[in-house]
Amino acid sequence: MLHHVELWVPDLGRAVRSWGWLLGELGYLPFQEWEAGRSWAMDGTYIVVEQSPALSAPVHDRCRPGLNHLAFRVAGTRRVDDLVAAAPRYGWSLMFADRHPHAGGADHYAAYLEDEDGFEAELVADRDHVGASRTEE
């Protein structure tokens, strides 16, 4: 099981606004707080955002070697749609809008969101979630 993921961010305030909202919506609870960072936990795994003084660059580039994105299961297509609708209020923008919600393929219902600092989160509709999926498109 994954223990934790740590994202080094250029602006803690922006990261708390975007990631704090998203993680809270996904069921993560606030876990730790310190001057340079925050974390949210669920089921023994936690996600950290930290504005480290050891950052070697001022911006994140998900296309460089390293972490490209985090993908989360979401309880059905309606929930994905609701999160996409609310996301801009928290600094997220929809990626691949021209192919949404099937940018990952015809059988893959997901939203690809990017925060103001270039970090990507993929929200994948869990089609096994009873009562949450709409008819296949």
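Treat the numbers as computed from the prediction; the structure is a model and nothing was measured. (Residues numbered from 1 in each chain as written. Predicted model: local features only at pLDDT ≥ 70, side-chain atom pairs only at ≥ 80, totals over all residues. Heavy atoms only, no water.)

Draft legend 1. Main features of the side chain of S39. On the secondary structure map, S39 appears in strand β3 (residues 37-42). What makes S39 buried here is its relative accessible area of 1%. Once you skip the residues sitting within four places of it in the chain, S39 turns out to touch L29, P30, F31, Q32, W34, Y46, I47 and V48. (Helix = DSSP H or I, 4+ residues; strand = E, 2+ residues; numbered from the N terminus. Buried < 20%, exposed > 50% of the residue type's maximum accessible area, 1.4 Å probe, protein only. Contact = heavy atoms within 4.5 Å.)

Draft legend 2. Structural context of the pattern of salt bridges. Counted according to the given criterion, the structure contains 7 salt bridges. In this structure, R14 engages D11 in a salt bridge whose closest nitrogen and oxygen atoms are separated by 3.6 Å. Linking R14 and D117 is a salt bridge whose minimum nitrogen-to-oxygen distance equals 2.6 Å. Placement of R14 in helix α1 (residues 12-25) and of D117 in the loop between β7 (110-114) and β8 (120-125) is noted, with a sequence separation of 103 residues between them. Salt bridges sharing common partners tie together D11, R14 and D117. (Salt bridge = Lys/Arg side-chain N within 4 Å of Asp/Glu carboxyl O.)

Draft legend 3. Representation of the pairing of β8 within the structure. In terms of burial, β8 is a largely internal element, 5 of the 6 residues being buried. Here strand β5 (residues 69-74) runs beside β8; their pairing, made up of 6 bridges, is parallel. Looking at β8, one finds that A71 is bridged to E122. Between β7 and the antiparallel strand that follows it, β8, lie 5 residues; G118 among them carries a positive phi value of about 90°. (Pairing = 2+ DSSP bridges.)

Geometric descriptors of this kind do not, in isolation, establish any biological role.
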